[in-house]
Structures are given as structure tokens and as C-alpha cells.
Amino acid sequence: MKPTKAELAAAVDLNVPDLIAPGLRVLFCGINPGLYTAAIGHHFGRPGNRFWPALHGAGFTPRLFAPWEEQELLPLGIGITNMVARTTATAAELRPEEYVAGGQRLRSLVEAQRPRVVAFLGIGAYRTAFGRPKAPLALQDERLADAALWVLPSPSGLNANHQLADLVTLLRDLLTWVDG
């Protein structure tokens, strides 16, 4: 059910819990929850977000999952977290220091949960959080705790730089590396 304007306005005070378990194959890390996502309480919840179609198109899931089916990712070894927990209308509302603090929180989470790979969905967020202004899209030379790091574009419908086909290709590269 689509959230009302009042529910969207109230979502700024809501959190979306991490979808995580020890030893995941891939922990996807979004930038932060948007209002729609927080209002419905499920990651990548806005209808225009391309995360779920890209995940399926790349072969991570056997079918196209809806946001409210996110728990079905855990048996596939896939989890979801966010760099910054604070809900905003757009990521442009976040301050650089929030990314840095989010990177520190993420490092602790990765040390505790030990995923094989952390895949950032937002190159600018990754670059800011970890002080890597020239980080490319793809596998990084560094690691986060013991996890390999991949940087991918944001799947937000607001990201006009990368279309669904681009996301599918980049996620397929990640899947090939993970399963390779």
C-alpha cells in the first residue's frame, strides 16, 4: 500500500533495520533510507528504485523479489544495510561527516558479521566515507575488515548516470566474482 503524504512526512523519524546475518556472501550497503522506504519499512522500497530488478537481472535472485520479501535474501547469503541510518528525502541532505561516521559504524558491523563482500550502492557515498575520491566502480584494492569491497552506482531512480542495464551488468560482474 502506498504511503500517504502524512506517513511520508512522519517517516523522517523512522529507521529501517539492517537485514543481516553472520557470514553472508554479499552485504549490500545503500546510502541511506529514503522517506518512502522508511514509511513502508523495507529496503529499496520506492517503486522507481532499480535495486530489486537489477538484483534479479544479474542472477542474484531466482525471481524478482518485492521489497517486502527482503527476508528471502538471507537464505541466499545476501544482506542489506545503509551507510547512514538517517532517513531523508534525498541523499543530498546528508553531511560529509555523516558518511564518515557511517563508514566507521559499517566497519564495526562488518567485523562482527564477517560478510565475504561488501557492495556499496553509491560511489559518492563510498568516496566520502572512506576518503577515496578517485575510487572506481568495481572491485577495490582495499578491504573492509576481511571483506572484499565493491563499489557500484546507486540504484535510486534519481540516479540518471546509470540505467538498469548498467546496474545489471555491474551486478553480474560482482556475482561472477563472488561465485568464481
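Preceding block: the structure.
All values reported here derive from a predicted model rather than from experimental measurement.

Engineer: Hey, could you go over the overall build of the protein for me, with residue numbers and the actual values?
Structural biologist: Within the protein one finds six helices and five strands. Reading the protein from its N terminus to its C terminus gives the helix and strand order α-β-α-α-β-α-β-α-β-β-α. Reported as C-alpha extents along the three principal axes, the dimensions of the protein are approximately 45 × 40 × 30 Å. When burial is assessed residue by residue, the protein has 47% of its 180 residues classed as buried. Taking the intrachain contacts of the protein between residues at least 6 apart in sequence as the baseline, contacts between residues at least 24 apart amount to 70%.

Engineer: Break down the pattern of salt bridges for me, citing the residues and quoting the values.
Structural biologist: Throughout the structure, instances matching the rule amount to nine salt bridges. Between E72 and R63 there is a salt bridge, and its shortest N-O distance comes to 3.2 Å. With a closest N to O distance of 2.6 Å, E142 and R132 form a salt bridge. With E142 in strand β4 (residues 138-144) and R132 in the loop between α5 (123-130) and β4, this residue pair connects regions lying 10 residues apart in the sequence. For E142, a relative accessible area of 23% puts it in the partly exposed group. Connected through shared salt-bridge partners, R86, R95, E97 and E98 make up one network.

Engineer: An account of the nonpolar core is requested, with residue identities and associated values reported.
Structural biologist: Ranked by size, the top nonpolar core spans 27 residues in total, and within it F28, F60 and L174 carry the most contacts. Looking at this core element by element, the count peaks at seven residues for helix α6 (residues 164-179). For F28, the residues in contact, after removing those within four places along its chain, are F51, L55, F60, I78, G79, I80, T81, A119, L121, L152, L171 and L174. Grouped together as the second largest cluster of nonpolar side chains are 22 residues, L106, L109, Y126 and F130 included.

Engineer: Residue-level account of unusual backbone geometry, with values.
Structural biologist: Here the phi dihedral of R114 falls at roughly 55°; this positive angle occurs in a residue that is not glycine. Inspection of the secondary structure assignment puts R114 in the loop between α4 (96-113) and β3 (117-121). Classification of R114 by relative accessible area gives partly exposed; the value is 44%. Despite not being glycine, A145 has its phi angle at roughly 55°, a positive value. Relative to the elements of secondary structure, A145 occurs in the loop between β4 and β5 (147-152).

Engineer: Quick rundown of the side chain of T87? Include the residues and the values.
Structural biologist: Following the sequence through the fold, T87 ends up in the loop between β2 (78-82) and α4. What makes T87 buried here is its relative accessible area of 0%. Reaching out from T87, the side chain makes a polar contact with the backbone oxygen of L14 at a distance of 2.8 Å. Other than its neighbours up to four places away in sequence, T87 contacts A11, V12, L14, N32, P33, G34, L35 and A38.

Engineer: Any chance you could break down the sheet that holds β2 for me, citing the residues and the numbers?
Structural biologist: Sheet architecture is open: five strands sit in the order β2-β1-β3-β5-β4, paired in mixed fashion. Looking at the sheet topology across the chains shown, the edges are occupied by β2 and β4. Mean inter-strand twist for the sheet, computed between neighbouring axes without regard to direction, equals 25°. As paired elements, β3 and β5 share five bridges and run parallel to each other.

Engineer: Requested: an account of the packing of aromatic side chains, with residues and values cited.
Structural biologist: Following the criterion strictly, the structure yields eight aromatic pairs and no others. Taking the centre distance of 5.6 Å and the plane angle of 80° together, the rings of F28 and F60 count as edge-to-face. Taken together, the residues span a long stretch of sequence, with F28 in strand β1 (residues 26-30) and F60 in the loop between α3 (51-58) and β2 at a distance of 32 residues. On the accessibility criterion, F60 (4% relative accessible area) is buried.

Conventions we followed
- Residues numbered from 1 in each chain as written.
- Predicted model: local features only at pLDDT ≥ 70, side-chain atom pairs only at ≥ 80, totals over all residues.
- Heavy atoms only, no water.
- Helix = DSSP H or I, 4+ residues; strand = E, 2+ residues; numbered from the N terminus.
- Buried < 20%, exposed > 50% of the residue type's maximum accessible area, 1.4 Å probe, protein only.
- Contact = heavy atoms within 4.5 Å.
- Salt bridge = Lys/Arg side-chain N within 4 Å of Asp/Glu carboxyl O.
- Core = buried A, V, L, I, M, F, W, Y, C linked by side-chain atoms within 4.5 Å.
- Polar contact = N/O pair within 3.5 Å; in protein donor to acceptor, adjacent residues only side chain to side chain.
- Pairing = 2+ DSSP bridges.
- Axes fitted to C-alpha atoms, helices over the stretch in contact; angles between N-to-C directions.
- Phe/Tyr/Trp six-rings, centres within 6.5 Å; stacked < 30°, edge-to-face > 60°.

What is shown is where atoms sit, not what they do.
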